[in-house]
Structures are given as C-alpha cells and as structure tokens.
Amino acid sequence: MLPYKSFVEKLSRDFDQIPETSEIKSGVIFPLFGSNTIAEGIILTERAKHLKSHPGQISFPGGVMETSDPNLLVTALREWEEEMGVKQTTLDVLGKLEGLHTRTGFHITPFLAKYNGDFSFSKNVDEVERVILLPFSELWTKPFYAIEIPNREPKHFAYYFDLPDGLLWGATCEMILRFLKDHSSFDRTPKLVKPNLAKPPFLDPKSL
C-alpha cells in the first residue's frame, strides 16, 4: 500500500508536451485503486485473444494517438472510456510518468490516475478479455524473474511477474517497475533465468 502523499507531489503535470520522436506515440492510463489516501493496487486489462497486437497480454488501458488528439492525455482518457466502458470522470489524473521506448517502435506515455468508481466496468469485449485488479502486495510476494536480452549493449533485461491472473511482462511490467522503484520501497532482485520459449513472451515460468 502506498500513501498518495508520498509520491503525488513528485509527478510531472506537463500534460501538453508531446514527445519529439519518430516512433508511434501512445498514451496509457496507469490507474490506481484504494482509499482516498492510500493506493492499494493497479487496475489492468487482459487484451482480447483475437487481437493482432499482443493478444492475451496484461496491459494498461490506452492506445495510439490520433491526429485529432491535442495531447497524449486526451488519447489515454479516450481509450480508457472505449476499453473500460466508464467515463473518464471516474479518474483523478495525478500526473505524468516517464515515457517508455519499446523495441517494437512505440513510445508510451503513462498517466498516473486514481480510480474513484464502483468497479462496475462495461468492458469492450472487442478489445478487453477481462479487467484485473492487481494488489501491490502481489508484486512484493509473487515469483519475479528476469531474462537477459541477447545482443544488447549495455546489458538489458526483460522482467516478469508470475501472478495468479497471468504473466505480467513487457512494457507494462517495465512501467510498473519504474513506478515502484521511484515511489516505493520496492527493492526485490529478480531471479535470473534462461528463456525457454522461442517467441514472445520468451519465458514460461511453469516450465522452469
């Protein structure tokens, strides 16, 4: 559990700045749930299994910036409404986190927000398989792994949490880890393992 007052004042609120990059720009909502003063966990989605991009992967609500979007916060909030089926007024946007470059040519900007709704989501079944409530406690206790990405200098690692709701990995996992390392006492060292799959996610913890 994380008190909001411990990190809210450290967040950027420059919502209009758009990254100067040739990468595909996207915005996501990093939604926290809990009480008015304490963040107890994160709301995530499992992407629909028929999607061409990252089917079945645990992710944040969000998507690619459209030409009509004045900034990436607008993108993220629009996608929140489309995917979760609830109004953006259920969110209190707290600030912007550091953007993330992916190896697949995207730049993702996460916007931290506090969810104030009643969890009555009307998810878009064309995009979302299910909504996942991830308590922070699971990130401190569930199996945590890393694999070294070959042919990268300096060394680079991909991280994985083996959760009851599935495997948390990729850009979503990276953004969550950055947030925890910057704004909490999280100091876990992952177990370094070898990849055991030939394609993404490259790791099946159940076969270790």
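Residues numbered from 1 in each chain as written. Predicted model: local features only at pLDDT ≥ 70, side-chain atom pairs only at ≥ 80, totals over all residues. Heavy atoms only, no water.

In the annotation of an unreviewed UniProt entry, the entry for the protein chain reads NUDIX domain-containing protein, and the organism field reads Leptospira ellinghausenii.

Let us now look at the sheet that holds strand β10 (residues 144-148). Here four strands make up an open sheet; going across it, the order is β12-β11-β10-β13 and the pairing mixed. Of all strands in the sheet, those bounded by a partner on one side alone are β12 (166-169) and β13 (191-192). Here four bridges tie strand β11 (residues 157-163) to β12, and the two strands are oriented antiparallel to one another. By the bridge assignment for β12, D162 is matched with L167. (Pairing = 2+ DSSP bridges. Helix = DSSP H or I, 4+ residues; strand = E, 2+ residues; numbered from the N terminus.)

When you line up the elements, R188 lands in the loop between α3 (170-183) and β13. Expressed as a C-alpha distance, the spacing of R188 and W140, which sit 48 residues apart in the sequence, is 7.4 Å. There is a polar contact of 2.9 Å between the side chain of R188 and the backbone oxygen of L139. Within polar-contact distance, the side chain of R188 engages the backbone oxygen of K142 at 2.8 Å. (Polar contact = N/O pair within 3.5 Å; in protein donor to acceptor, adjacent residues only side chain to side chain.)

Using the criterion set out here, one finds 17 aromatic pairs in the structure. Seen from their ring centres, F33 and F119 are 6.1 Å apart, and the 85° between their planes marks the pair as edge-to-face. One end of the pair, F33, is in strand β2 (residues 24-34); the other, F119, is in the loop between β8 (106-115) and β9 (128-135), with 86 residues separating them in the sequence. Take F33: its relative accessible area is 11%, and that puts it in the buried class. (Phe/Tyr/Trp six-rings, centres within 6.5 Å; stacked < 30°, edge-to-face > 60°. Buried < 20%, exposed > 50% of the residue type's maximum accessible area, 1.4 Å probe, protein only.)

Now for the side chain of K114. The topology assignment puts K114 in strand β8. Look at K114: it is buried, it has no salt bridge, and the nearest opposite charge is D92 at 4.6 Å. A distance of 2.9 Å separates the side chain of K114 from the side chain of N116, its partner in a polar contact. With residues up to four places along the chain from it excluded, the contact list for K114 reads Y4, L32, S35, N36, T90, L91, D92 and L94. (Lys, Arg positive; Asp, Glu negative; His and termini not counted. Salt bridge = Lys/Arg side-chain N within 4 Å of Asp/Glu carboxyl O. Contact = heavy atoms within 4.5 Å.)

Attention shifts here to the environment of A113. Inspection of the secondary structure assignment puts A113 in strand β8. Residues A113 and V93, spaced 20 residues apart in sequence, show a C-alpha to C-alpha distance of 4.2 Å. Contacts of A113, omitting those with residues within four sequence positions, involve I29, F30, P31, L32, L91, D92, V93 and L94.

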